[in-house]
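# A closer look at the structure
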Amino acid sequence: MDAHDGHGSGLLDLNLLRTFLAVHRCGSLTAAAHQLGLSQSTVTTQLRALERRLGRELFARRARGVTPLPYADEFAAQLSAPLDQLAVFTGERPGPVAAPVQLAGPAEFLSTVLVGALAPLVADGVRLRVSTGLTDPLLEELRAGQHDLVIATQRPRGRVLHAEPLADEEFVLVAAPLFAERLAGRELPQALERLPLVSYAEDLPIVRRYWRHVFGVRLQARPALTVPDLRGILAAVLAGAGWTVLPSYLCRAELASGALRLLHQPDDPPINTAFLVTRPGQSANPHVALVHDRILAAVEDW
């Protein structure tokens, strides 16, 4: 890293560089100010001072946060390792009690797959705060510095966030044994459209995707019951409310026990890739890396 500015007027102030890197990683002046313990006006002033010294704009200002311009990405890549290493040497790290790790994602995936896998870390002293929600709002909150790690059901747009594929969830068409027996010998998918459907929402997002991918036709059905939680859908179907489409991880035990029946087994089932999303660069909280690595290990054989 060359800490000289582009106009030959001497060394750049390290505080300006730290502020720039915080804004780049957070994607927000407000979140960077919170992280640095500065006022937002101070962060804005420092960022403008750096842009003047460099003779170029670093970020495009948006209604929600900022977006780095190409030069800013290159500049951040040069600065990240040296400034992170300097932070270690100068003791800019959490004390013996690290801040809680903020993890967010879909309620069903977190509760069914990850919370149990992360329990040993909590027993060893890692503090964890789990929140749930839909992917788009959670990614906005991650950009604003409200989360450390987000499980996303789609890859985030743009270059502000770092996303790595986490796991592929396969979707299965299922019902309780009573409905499976009623469907025996009848042609799918037409026969299903006359039976009660349990769905996540009125517009049938998961079921419609299954229909397009597997049957190649438009679904002609309305839900008999909507539950905005896949665990609630599973409970309703097990109790005999109707049929549905679920991610296989959520109902493996029920399928294995016979409490739930697989209604169709396509050669190419629909899948959705989940992503583990973070802000670029190394977190100052060492426990974030521990949780990150444990999440990856938890889904290796999933």
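Residues numbered from 1 in each chain as written. Predicted model: local features only at pLDDT ≥ 70, side-chain atom pairs only at ≥ 80, totals over all residues. Heavy atoms only, no water.

## Observations concerning the overall build of the protein
Short version of the rule: For helices the rule is a DSSP run of H or I covering at least 4 residues; for strands it is a run of E covering at least 2, with both sets numbered from the N terminus onward. Our radius of gyration looks at C-alpha atoms and nothing else; its globule reference is 2.2 Å times the residue count to the power 0.38. Under the scheme applied here, a residue whose accessible area is under 20% of the maximum for its type counts as buried, over 50% as exposed, and between as partly exposed, the area being computed with a 1.4 Å probe on protein chains only.
A tally of helices and strands in the protein yields 11 helices and 11 strands. Here the protein has a C-alpha radius of gyration of 24 Å; the compact-globule value for 302 residues is 19 Å, and the former is much larger. With the principal axes as the frame, the protein shows a C-alpha extent of 80 × 40 × 30 Å. For the protein, with 302 residues in total, the buried portion stands at 45%.

## Some details on unusual backbone geometry
Along the chain, L188 connects to P189 via a cis peptide bond; the corresponding omega equals 10°. Considering the arrangement of structural elements, one finds P189 in the loop between α7 (177–182) and β7 (198–199). A positive phi angle, close to 55°, is found at L204, a residue other than glycine. With respect to the helices and strands, L204 occurs in the loop between β7 and α8 (205–215).

## A few points about helix α11 (residues 286–298)
Which entries qualify depends on this criterion: One less than the residue count of a helix, multiplied by 1.5 Å, gives the span that helix is expected to have. In what follows, a contact means two residues having at least one pair of non-hydrogen atoms within 4.5 Å. For this analysis, a polar contact is any N or O atom pair within 3.5 Å, provided that within protein one partner can donate a hydrogen and the other can accept it, and provided that sequence-adjacent residues contribute only side-chain to side-chain pairs.
Between the first and last C-alpha of α11 there are 19 Å, a value that for 13 residues agrees with the 18 Å anticipated at 1.5 Å per step. As for α11, its buried residues are in contact with β3 (101–105), α5 (107–123), β4 (128–132), β5 (149–152), β6 (162–175) and β11 (271–278). For α11, the side-chain oxygen to backbone nitrogen distance between the N-cap and H287 is 3.0 Å, and the N-cap itself is N285.

## Some remarks on the nonpolar core
Note the cut-off: Here, the term nonpolar core denotes a set of buried Ala, Val, Leu, Ile, Met, Phe, Trp, Tyr and Cys residues that are joined through side-chain atoms within 4.5 Å.
One finds I151, V291 and I295 to be the most contacted residues of the largest nonpolar core, which totals 34 residues. Secondary structure elements with two or more residues in this core: β3, α5, β5, β6, α9 (230–238), α10 (248–257), β11 and α11. The element contributing the most residues to this core is α5, with 6 residues. Counting 25 residues, the second-largest nonpolar core is a separate cluster that includes A22, V43, L58 and L83.

## Brief notes about the pairing of β11
Successive residues of a regular strand alternate their side chains across the two faces of the sheet. The cut-off we apply is this: By the convention used here, strands pair only if DSSP detects at least 2 bridges between them.
With 6 of its 8 residues buried, β11 lies for the most part within the structure. In this structure, β5 lies alongside β11, joined through 3 bridges in antiparallel fashion. Counted as the bridge partner of A152 is F275 from β11. Pairing between β6 and β11: 8 bridges, direction antiparallel.

## Describing the side chain of E108
Selection criterion: Counting rule applied: Lys, Arg positive; Asp, Glu negative; His and chain ends not counted. Salt bridge, as applied in this entry: a Lys or Arg side-chain nitrogen positioned within 4 Å of an Asp or Glu carboxyl oxygen.
Within the fold, E108 resides in helix α5. R231 provides the closest opposite charge to the buried, unpaired E108, separated from it by 5.4 Å. A polar contact of 2.8 Å, which involves the side chain of E108, links it to the backbone nitrogen of L230. When residues no more than four places from it in sequence are discounted, the contact partners of E108 are V113, Y200, D229, L230, R231 and Y249.

## Details of the environment of H147
On the secondary structure map, H147 appears in the loop between α6 (135–143) and β5. When its relative accessible area of 6% is taken as the criterion, H147 is described as buried. Leave out the neighbours within four places in its chain, and H147 touches Q102, A104, S131, L138, E141, L142 and R279. A polar contact is formed between the side chain of H147 and the side chain of E141, at a distance of 2.7 Å.

## A few points about the environment of V150
Relative to the assigned elements, V150 resides in strand β5. Looking at V150, the relative accessible area reads 0%, which means it is buried. Counting along the chain gives 99 residues from V150 to Y249, while the straight-line C-alpha distance between them is 19 Å. Sequence-distant contacts of V150, defined by excluding residues within four places in its chain, comprise A104, L138, L139, L142, F275, L276 and V277.

## Comments concerning the packing of helix α2 (residues 29–36) against helix α3 (residues 40–54)
Let me state the cut-off plainly: The axes are straight lines fitted to the C-alpha atoms, using for helices just the contacting stretch, and the angles between their N-to-C directions are given from 0 to 180°. Throughout this description, any angle smaller than 35 degrees is read as roughly parallel, any larger than 145 degrees as roughly antiparallel, any in the 65 to 115 degree range as roughly perpendicular, and the remainder as oblique.
Packing of α2 against α3 leaves a shortest axis separation of 8 Å and a crossing angle of 105°. One way to sum up the angle between α2 and α3 is to call them roughly perpendicular. Of the residues in α3, those in contact with L29, T30, A33 and L36 of α2 are Q40, V43, T44 and L47.

## Looking at α6
Owing to its 3.6 residues per turn, the α-helix brings residues three or four apart onto one side. Note the following rule: Throughout, the arc means the angular range of directions from the helix axis out to the C-beta atoms.
For α6, the full list of buried residues reads T135, L138, L139, L142 and R143. All buried residues of α6 lie within an arc of 145° about the axis, which places them on one face of the element. Against the buried residues of α6 lie α1 (14–26), α2, β3, β4, β5 and β11. Just past α6, the residue G145 takes up positive phi, approximately 90°.

## Some words on the packing of aromatic side chains
Let me state the cut-off plainly: Here the aromatic set is Phe, Tyr and Trp, taking the six-membered ring for Trp, and pairing holds for ring centres within 6.5 Å; pairs whose planes are under 30 degrees apart are stacked, those over 60 apart are edge-to-face, and all others are tilted. Each ring is checked for a lysine NZ or an arginine CZ that lies within 6 Å of its centre and within 35 degrees of its normal; such an atom marks a charge sitting over the ring.
Tallied over the entire structure, the rule returns 8 aromatic pairs. With a centroid separation of 4.9 Å and an interplanar angle of 70°, the aromatic rings of W211 and F215 are classed as edge-to-face. Here W211 and its partner F215 are both found in helix α8, 4 residues apart, which amounts to about one turn of the helix. Per residue, the accessibility class of W211 equals that of F215, and both read buried. Through a chain of ring-to-ring contacts, three or more aromatic side chains come together here, namely F20, F59, Y71 and F75. When the ring centre of Y71 is taken as reference, the NZ or CZ atom of R56 above it lies at 3.9 Å.

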